[in-house]
Amino acid sequence: QVQLVESGGGLVQAGGSLRLSCAASGSIFSINVMGWYRQAPGKQRELVAVITGRGTTNNADSVKGRFTISRDNAKNTVYLQMNSLKPEDTAVYYCNAEISVTPGVFREYWGQGTQVTVSS
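Read on for an overview of the structure. Every chain begins its residue count from 1, and numbering advances along the sequence as written. Thresholds applied to this predicted model are a pLDDT of at least 70 for local features of residues and 80 or more for the giving and counting of side-chain atom pairs; totals over whole chains, interfaces and linings are not thresholded and use all residues. Heavy atoms throughout the structure, all of them, feed into the side-chain values; hydrogens and water do not.

## Quick word on the packing of aromatic side chains
Turning to step 1, where the next piece is worked out: Put simply, two rings from Phe, Tyr or Trp (the six-membered ring, in Trp's case) pair if the centres are within 6.5 Å, and we call them stacked under 30 degrees between planes, edge-to-face over 60, tilted for the rest. Applying the stated criterion across every chain, the model contains one aromatic pair.
Turning to step 2, where the next piece is worked out: Residues Tyr-37 and Trp-110 carry aromatic rings whose centres are separated by 5.1 Å and whose planes lie at 65 degrees to one another, so their mutual orientation is edge-to-face. Here Tyr-37, found in strand S4 (residues 30-39), pairs with Trp-110, found in strand S10 (residues 105-110); they are 73 residues apart in sequence, far enough to count as distant.
Turning to step 3, where the next piece is worked out: The classification of residues rests on relative accessible area computed with a 1.4 Å probe and restricted to protein chains. Under 20% of the type maximum is buried, over 50% is exposed, and intermediate values are partly exposed. Judged by relative accessible area, which is 34%, Trp-110 ranks as partly exposed.
Turning to step 4, where the next piece is worked out: Either the NZ atom of lysine or the CZ atom of arginine qualifies as a charge over a ring when it sits within 6 Å of the ring centre and within 35 degrees of the ring normal. Across from the ring centre of Tyr-79, 4.1 Å away, lies the NZ or CZ of Arg-19, which sits over that ring.
Turning to step 5, where the next piece is worked out: Between the NZ or CZ atom of Arg-45 and the centre of the ring of Trp-110, over which it lies, the distance is 4.6 Å. We count a stretch as a helix when DSSP gives it H or I for four or more residues in a row; a strand needs E for two or more, and each element gets its number in order from the N terminus.

## Digging into the pairing of S10
Turning to step 1, where the next piece is worked out: Note on pairing: two strands pair once DSSP finds at least 2 bridges between them. Alignment of strand S9 (residues 91-102) against S10, held across six bridges, turns out to be antiparallel. Its bridge partner being in S10, Ile-99 is matched across the sheet by Arg-107.
Turning to step 2, where the next piece is worked out: Connecting S9 to the next strand, S10, in antiparallel fashion are two residues, including Gly-104 with a positive phi near 85 degrees.

## Let's talk about the state of the cysteines
Turning to step 1, where the next piece is worked out: Two cysteine sulfurs form a disulfide in these notes if their separation is within 2.5 Å. Following the criterion strictly, the structure yields one disulfide and no others.
Turning to step 2, where the next piece is worked out: With its sulfur 2.1 Å from that of its partner, Cys-22 forms a disulfide with Cys-95. An S-S torsion of about -80 degrees defines the bridge between Cys-22 and Cys-95 as left-handed. Taken as a pair, Cys-22 in strand S3 (residues 18-25) and Cys-95 in strand S9 lie far apart in primary sequence, 73 residues in all. In this pair, the class of Cys-22 matches that of Cys-95, namely buried.

## Focus: the sheet that holds S3
Turning to step 1, where the next piece is worked out: If you trace the four strands from one edge of the open sheet to the other, you get S1-S3-S8-S7, paired in antiparallel fashion. Each of the sheet's edge strands pairs with one partner strand only, and the pair in question is strand S1 (3-7) and strand S7 (67-72). Mean inter-strand twist for the sheet, computed between neighbouring axes without regard to direction, equals 15 degrees.
Turning to step 2, where the next piece is worked out: Sheet analysis places S7 next to strand S8 (residues 77-82), joined by six bridges and oriented antiparallel. By the bridge assignment, Arg-71 is partnered in S8 with Val-78. Fitted lines through C-alpha atoms serve as axes, helices being fitted only where they are in contact, and the angles separating the N-to-C directions of these axes extend from 0 to 180 degrees.

Shown next, in the form of structure tokens:
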């Protein structure tokens, strides 16, 4: 059983910072891409940032220069440092990872989501 457990969400004023964490646990053989997505009320879920096992990153244009994704492969954990937060960043943030429990067979997993609310 593989689980992704997120932490670090909360309420912050505009211009503030938050750091999200997501730890993968269970019978994990390897992890490929890890990432963060978000879904605001009434909107579709959208990509925020992703990072490969080798550290290559890709950020949505809306967060470039403000959010930084990183990972600790030894801890099977991905982070999202969010600076200069704006009210439009308010959303439920979901962790996502491509994980194999059997060599060569990857499956996509999602965390339960963590609420980020930015007040103006």
